[in-house]
Amino acid sequence: MRKPFARKFLVSGAIALAALATGTVAIAAGGTEPPPANKWHFQGPFGTFDRAAAQRGYQVYQEVCAACHSLRLVAYRNLMDLGLTENQVKGLIKDITVPDLNDDGAPIDRPARPSDRFKSPFPNLAAAAAANNGKAPPDLSVMIKARANGADYMHALLTGYVPYDKLTPEQIKEFDVKKDDNFNKYFPGHKIAMAAPLSDDKVTYADGTKATLSQQASDVTEFLAWAAEPHMEDRKRTGVRVILFLLALAGLMYAVKRVVWADKH
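If you're wondering where the values come from, they're calculated on a predicted model, not measured in any experiment.

What counts and what doesn't
Residues numbered from 1 in each chain as written. Predicted model: local features only at pLDDT ≥ 70, side-chain atom pairs only at ≥ 80, totals over all residues. Heavy atoms only, no water. Buried < 20%, exposed > 50% of the residue type's maximum accessible area, 1.4 Å probe, protein only. Helix = DSSP H or I, 4+ residues; strand = E, 2+ residues; numbered from the N terminus. Contact = heavy atoms within 4.5 Å. Axes fitted to C-alpha atoms, helices over the stretch in contact; angles between N-to-C directions. Left-handed = near helix turned anticlockwise from the far one by under 90°. pLDDT = per-residue confidence, 0-100. Core = buried A, V, L, I, M, F, W, Y, C linked by side-chain atoms within 4.5 Å. Patch = residues over 30% accessible without salt bridge, like charges linked within 9 Å, V, L, I, M, F, W, Y side chains within 5 Å. Areas by Shrake-Rupley, 256 points an atom, 1.4 Å probe, with all protein chains shown as cover. Salt bridge = Lys/Arg side-chain N within 4 Å of Asp/Glu carboxyl O.

### Digging into helix H6 (residues 150-159)
Turning to step 1, where the next piece is worked out: The buried fraction of H6 is high, at 9 of 10 residues.
Turning to step 2, where the next piece is worked out: Taken together, the buried positions of H6 are Gly150, Ala151, Asp152, Tyr153, Met154, His155, Ala156, Leu157 and Leu158.
Turning to step 3, where the next piece is worked out: Taken together, the buried residues of H6 touch helix H5 (143-146), strand S3 (161-162), strand S4 (183-184) and helix H8 (213-228).

### Describing the packing of H6 against H8
Turning to step 1, where the next piece is worked out: Look at H6 against H8: their axes get within 9 Å of each other, and the N-to-C directions meet at 145 degrees. Handedness of the crossing formed by H6 with H8: right-handed. Each of Ala151, Met154, His155, Leu158 and Thr159 in H6 lies in contact with H8, whose residues at this interface are Leu213, Ser214, Ala217, Ser218, Val220, Thr221 and Leu224.

### Observations concerning the confidence of the model for the protein chain
Keep in mind that low pLDDT regions are not for reading the predicted coordinates in detail.
Turning to step 1, where the next piece is worked out: Predicted confidence across the protein chain gives a mean pLDDT of 87, with 87% of residues reaching 70 or more.
Turning to step 2, where the next piece is worked out: Here helix H1 (residues 3-30) stands out as the least confident element of the protein chain, with mean pLDDT 41; H8 is the most confident, with 98.
Turning to step 3, where the next piece is worked out: Predicted confidence for residues 1-30 stays below pLDDT 50, and this span has 1 contact to residues more than four positions away or in other chains.

### A word on the nonpolar core
Turning to step 1, where the next piece is worked out: The biggest cluster of nonpolar side chains holds 40 residues, and the ones touching the most others in it are Tyr61, Leu71, Leu79, Phe118, Phe223, Leu224 and Trp226.
Turning to step 2, where the next piece is worked out: Of all the secondary structure elements, the ones that give two or more residues to this core are helix H2 (51-63), H6 and H8.
Turning to step 3, where the next piece is worked out: With 8 residues, the single largest contributor to this core is H8.
Turning to step 4, where the next piece is worked out: Ignoring anything within four residues of it in the chain, the contact list for leucine 71 reads Tyr61, Phe118, Asp139, Leu140, Ser141, Phe223, Leu224 and Ala227.
Turning to step 5, where the next piece is worked out: If you look at the next biggest cluster of nonpolar residues, it comprises 5 residues, including Val162, Leu167, Phe175 and Phe183.

### Some details on a nonpolar patch on the surface
Turning to step 1, where the next piece is worked out: On the surface, Val242, Phe245, Leu246, Leu249, Leu252, Met253, Val256, Val260 and Trp261 cluster together to form a nonpolar patch covering roughly 860 Å² of accessible area.
Turning to step 2, where the next piece is worked out: Counting through the fold element by element, phenylalanine 245 comes out in helix H9 (residues 232-264).

### Considering the pattern of salt bridges
Turning to step 1, where the next piece is worked out: Counting across every chain of the model gives 12 salt bridges.
Turning to step 2, where the next piece is worked out: Linking aspartate 207 and arginine 56 is a salt bridge whose minimum nitrogen-to-oxygen distance equals 3.1 Å. Taken together, the residues span a long stretch of sequence, with aspartate 207 in the loop between S4 and H8 and arginine 56 in helix H2 at a distance of 151 residues.
Turning to step 3, where the next piece is worked out: The class of aspartate 207 is partly exposed, set by a relative accessible area of 48%.
Turning to step 4, where the next piece is worked out: Residue classification places arginine 56 among the buried positions, given a relative accessible area of 12%.
Turning to step 5, where the next piece is worked out: Aspartate 176 is the salt-bridge partner of lysine 178, the closest N and O atoms lying 2.6 Å from each other.
Turning to step 6, where the next piece is worked out: Look at lysine 178 and you get partly exposed, because its relative accessible area is 44%.

This is how it looks when you write it as structure tokens:
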């Protein structure tokens, strides 16, 4: 008596699952394109930062991104962790002035010191918002950590701009894109307030590396990944040491157990 009911229940369940799957595909088709996966030097349990790439990334940040985006959790002296000497750091910041107070408490601008945090492009959030159509550009200190697959997303975002004349009529209609809008394949909703910040040869690398769009995006992503977690390499080294210690301890305990139980027999 229960077989027809069971068969009907299974058929209904299969139909429901098929409908759910179809709906999921439809949502994915109309959603944001996932960022392509890249191989990063800092990935994996033994990953380390590519210091040459991170140094170039600092140059991209300073010459392009720093005009709008702050990096308030990082100090200039932290750049020495990327292989720069103290004199090199001082040379990089010699033309930067930061707000401070003099002995009388009056506001002044003084030359930046290695101990200073990265200078913000705006005095406060209100000024940042006023200069950017009402929305302050986000701080980039932990941006890579703030998103899932943050490094891939950052690279994709920087390289995912599509000019209006390259869009299909379907894309223009579906996302209501105007000629003055900035269309990005990987940004949720596709219309982003920030114009494309990078292009081929936007910077001239000091080490002679060819500054293609993809190269600049990779380098600044490497730098921002380091800025978000500057002690990652130490953490990984500590983790490896702990695992090796635990393995050695487990082997020692097993050997002791064998000796103790051997005496029992």
